Amino acid sequence: MSGLAGVRFWRETKSRYNLTGNRCGVCGTVFFPPRPVCTRCHRESIGRMEEHKLKGTGEVLTWTFVHEPRPGFEIQVPYILAMVRLDEGPALLAQMVDCGPGEVRIGTRVHSVFRKIGEEGKSGVIYYGYKFVPD
Amino acid sequence: MVVGIVSYGACIPRYRISSEDIARVWGQNPPLIGKQLGVFSKSVPSSDEDVVTLAVEAARTAMRRSPVAGDMVNAVYVGSESHPYAVKPTAGIVAEAIGATPNLTAADFEFACKAGTAAMQSCMGLVGSGMMDYGMAIGADTSQGAPGDALEYSASAGAAAILVGKKNLIATIEHTCSYTTDTPDFWRREGQIYPQHGGRFTGAPAYFKHILACGRDLMKAVSTGPGDYKYAIFHQPNGKFPLRVAEELGFKPEQVRPGLLAPEIGNTYSAAVPLGLAAVLDIAVPGDRIFVTAYGSGAGSDAFDITVVEAINSMDRTGPSAVRSMIERKVMIDYATYAKLRGKITMGGASR
């Protein structure tokens, strides 16, 4: 059986595995995921966006418990989704793992870890990427 | 040409289950079972952890501690008996995640519990021959034990990565040797979820015969005796075999205990000896000599004679990446949670 579903994820591997975003060569703003054009400098930034690997450190802007999971996440219920502000500036939504209630607060310092994100069933491709744990 | 260890890293999952909890479920004597095996708790991977994620975390720590950039790593070899894919290399995913792709060679190794040390030897050969500058050898497992089987008390999870090179060394590897036979002590057939084993046959003709022969060969080759080593690390399928085999070789318990992690985290299979080595490197000082003998069922042993050098003092070996910190940063879970995390509960149409 063929399966092209993994290809869609594969295109984003660089960002998902290594938190690779980009940085505007004009104003220095860092973006994640990478953007083709800086939202501040617009056309001035065309051709001046540089690849930028983020450190994976930051703090929790806000978070929530998920009790109604997406398909594939049933076994992890309840799990924590957090909006994380990375030290370089961008904010992203990610799962918090290896922690429970009381271990995550607004302002909690976190760092990224490499975890399994999902899979195309038991015989399909496995997706890996970033999640976060408290420091 | 001197070949050695440039850097290393470890990863141990946060969850633990006690041997007493497992014994209670299967009608065994809870206080007795831990003492019999010398294993009192074991690490349990979370539902989003597997050999790939553990290997990546260990390799990233090794890279962070070293002056070597990802694209300078010319080989990534991952030894495991629980690779997530039967066909599609773990090593390629790890290489991508540490920024080593695309100009490198990568492959997955399997030799029961000694696949990680087999990967170390391959990297030594490639570096020593001058074919490459740096090779990453990783031992990682999320090992399988059938519910109720003796293996269930020990089969655990972890990973350790050893960056092998000839420059920027924190320890030199003076010598390595192996001892390999065809011995049916433990196996898992293609497509089977759980392994089978020969019970007591896994002892004298398997673990002890191979480690004793290989360990003696190593000491003979480098003209050393047990007293020449500060530390001795052996494969640790339980907490008792390593101490017994050490005694037979003439080592004292105090040489073995710093690298003996099985009582607290169980048998991490391919990661067992690399993790023991990582724990010892965390506390070693320049001049310390380390005796290492791995064992893999089927069966074979790999032995290494390692000497720590001055540069280890400039490596950051403290904080959350230290093996002792990972062992102590634990959350105990009950058998029901363990069964859920390890996929032993059949979900109604939902995938893990």
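Look up a bit, the structure's there.
Keep in mind that what you see is a predicted model, and the values were worked out from it rather than measured.

Peer 1: Just checking my understanding: could you explain the overall build of chain B for this structure?
Peer 2: Looking only at helices and strands, chain B features 12 helices and 14 strands. For a compact globule of 352 residues, the expected C-alpha radius of gyration is about 20 Å, and chain B comes in at 19 Å, within 12% of that figure. In terms of overall dimensions, chain B has a C-alpha envelope of 55 × 45 × 40 Å along the principal axes. For chain B, the residues scored as buried account for 60% of the 352 residues in total. Counted over contacts in chain B with a minimum sequence separation of 6, partners at least 24 positions apart contribute 78%. In the form shown here, chain B has an accessible surface area of approximately 13,100 Å², with 52% of it arising from carbon and sulfur atoms. Looking at charge distribution, chain B has the averaged site of its 32 positive side-chain charges lying 3 Å from that of its 33 negative ones.

Peer 1: Any chance you could explain a nonpolar patch on the surface here in plain terms?
Peer 2: A cluster of nonpolar side chains, Leu61, Met83 and Leu93 of chain A, forms an exposed patch at the surface whose accessible area comes to about 250 Å². When you line up the elements, Leu93 of chain A lands in strand E6 (residues 91-96).

Peer 1: Where do I start with the packing of aromatic side chains in this structure?
Peer 2: Two descriptors summarise a pair of aromatic rings, namely the distance from one centre to the other and the angle between the planes of the rings. Residues and elements named next belong to chain B. Tallied over the entire structure, the rule returns 20 aromatic pairs over all chains. Residues Phe234 and Phe251 carry aromatic rings whose centres are separated by 5.9 Å and whose planes lie at 70° to one another, so their mutual orientation is edge-to-face. Taken together, the positions of Phe234 in strand E11 (residues 231-234) and Phe251 in the loop between helix H7 (241-249) and helix H8 (253-256) put the pair 17 residues apart, joining distant regions of the chain. Note on Phe251: relative accessible area 4%, which makes it buried.

Peer 1: What am I meant to see in the environment of Gly158 of chain B here?
Peer 2: Residue and element names in this part refer to chain B. Structurally, Gly158 is set in strand E7 (residues 157-165). Sequence separation of Gly158 and Thr268 is 110 residues, and the distance between their C-alpha atoms is 5.5 Å. The residues touching Gly158, leaving out its near neighbours within four places in the chain, are Cys11, Pro13, Leu54, Gly139, Ala140, Asp141, Thr268, Ala271 and Leu275.

Peer 1: What exactly am I supposed to notice about the environment of Thr101 of chain B here?
Peer 2: All names here are of chain B. Within the secondary structure, Thr101 sits in the loop between helix H4 (90-97) and strand E5 (105-109). Here Thr101 falls in the partly exposed class, since its relative accessible area comes to 27%. Between the C-alpha atoms of Thr101 and Asp71, which are 30 residues apart in sequence, the distance is 6.7 Å. Leaving out residues up to four positions away in the same chain, Thr101 has contacts with Gly92, Ala95 and Glu96.

Peer 1: Can you walk me through the interface of chain A and chain B in this structure?
Peer 2: The parts lose accessible area when they come together, and the size of an interface is often stated as this lost area. The interface is formed by 23 residues belonging to chain A together with 24 residues belonging to chain B. When chain A packs against chain B, close to 2,200 Å² is buried across both sides, 51% of that on carbon and sulfur atoms. Three residues, Ile75, Asp98 and Phe114 of chain A, lead the burial of chain A against chain B; their summed loss comes to 34% of the area buried on that side. Between Glu103 of chain A and Arg14 of chain B there is a salt bridge; the shortest N-O distance is 3.1 Å.

Peer 1: What exactly am I supposed to notice about the environment of Ser46 of chain B here?
Peer 2: Along the polypeptide, Ser46 of chain B turns up in the loop between strand E3 (41-44) and helix H3 (51-65). As for Ser46 of chain B and Arg257 of chain B, which are separated by 211 residues in sequence, their C-alpha atoms are 27 Å apart. Filtering out sequence-adjacent residues up to four positions away, Ser46 of chain B remains in contact with Arg115 of chain A together with Tyr15 and Leu341 of chain B.

Peer 1: Is there a simple way to think about H7 of chain B in this case?
Peer 2: All names here are of chain B. Among the residues of H7, Phe241, Pro242, Val245, Ala246 and Leu249 are the ones counted as buried. Looking straight down H7, one finds its buried side chains confined to an arc of 130°; they lie on one side. Where H7 is buried, its residues touch helix H6 (203-222), E11, H8 and strand E12 (289-296). Just downstream of H7 lies Gly250, where phi reads positive at about 100°.

Peer 1: Looking at this structure, I do not really get unusual backbone geometry. What am I missing?
Peer 2: Comment: phi is negative for the bulk of residues other than glycine, and the bulk of peptide bonds are trans. The residue after Phe32 of chain A, namely Pro33 of chain A, is reached through a cis peptide bond having omega -5°. Positionally, Pro33 of chain A belongs in the loop between strand E2 (30-31) and strand E3 (49-53). For Leu19 of chain A, which is not glycine, the phi dihedral falls at a positive 45°. Relative to the assigned elements, Leu19 of chain A resides in the loop between helix H2 (13-18) and strand E1 (20-24). If you check the backbone angles, Asn168 of chain B has positive phi at about 60° while not being a glycine. Relative to the helices and strands, Asn168 of chain B is located in the loop between E7 and strand E8 (171-180). Look at Asn168 of chain B and you get partly exposed, because its relative accessible area is 43%.

Reading guide: rules and limits
Residues numbered from 1 in each chain as written. Chains lettered and ligands numbered in written order. Predicted model: local features only at pLDDT ≥ 70, side-chain atom pairs only at ≥ 80, totals over all residues. Heavy atoms only, no water. Helix = DSSP H or I, 4+ residues; strand = E, 2+ residues; numbered from the N terminus. Rg over C-alpha atoms; globule rule 2.2 N^0.38 Å. Buried < 20%, exposed > 50% of the residue type's maximum accessible area, 1.4 Å probe, protein only. Contact = heavy atoms within 4.5 Å. Areas by Shrake-Rupley, 256 points an atom, 1.4 Å probe, with all protein chains shown as cover. Lys, Arg positive; Asp, Glu negative; His and termini not counted. Charge placed at Lys NZ, Arg CZ, Asp CG, Glu CD. Patch = residues over 30% accessible without salt bridge, like charges linked within 9 Å, V, L, I, M, F, W, Y side chains within 5 Å. Salt bridge = Lys/Arg side-chain N within 4 Å of Asp/Glu carboxyl O. Phe/Tyr/Trp six-rings, centres within 6.5 Å; stacked < 30°, edge-to-face > 60°. Buried area = accessible area lost by both parts, 1.4 Å probe. Arc of directions from axis to C-beta.

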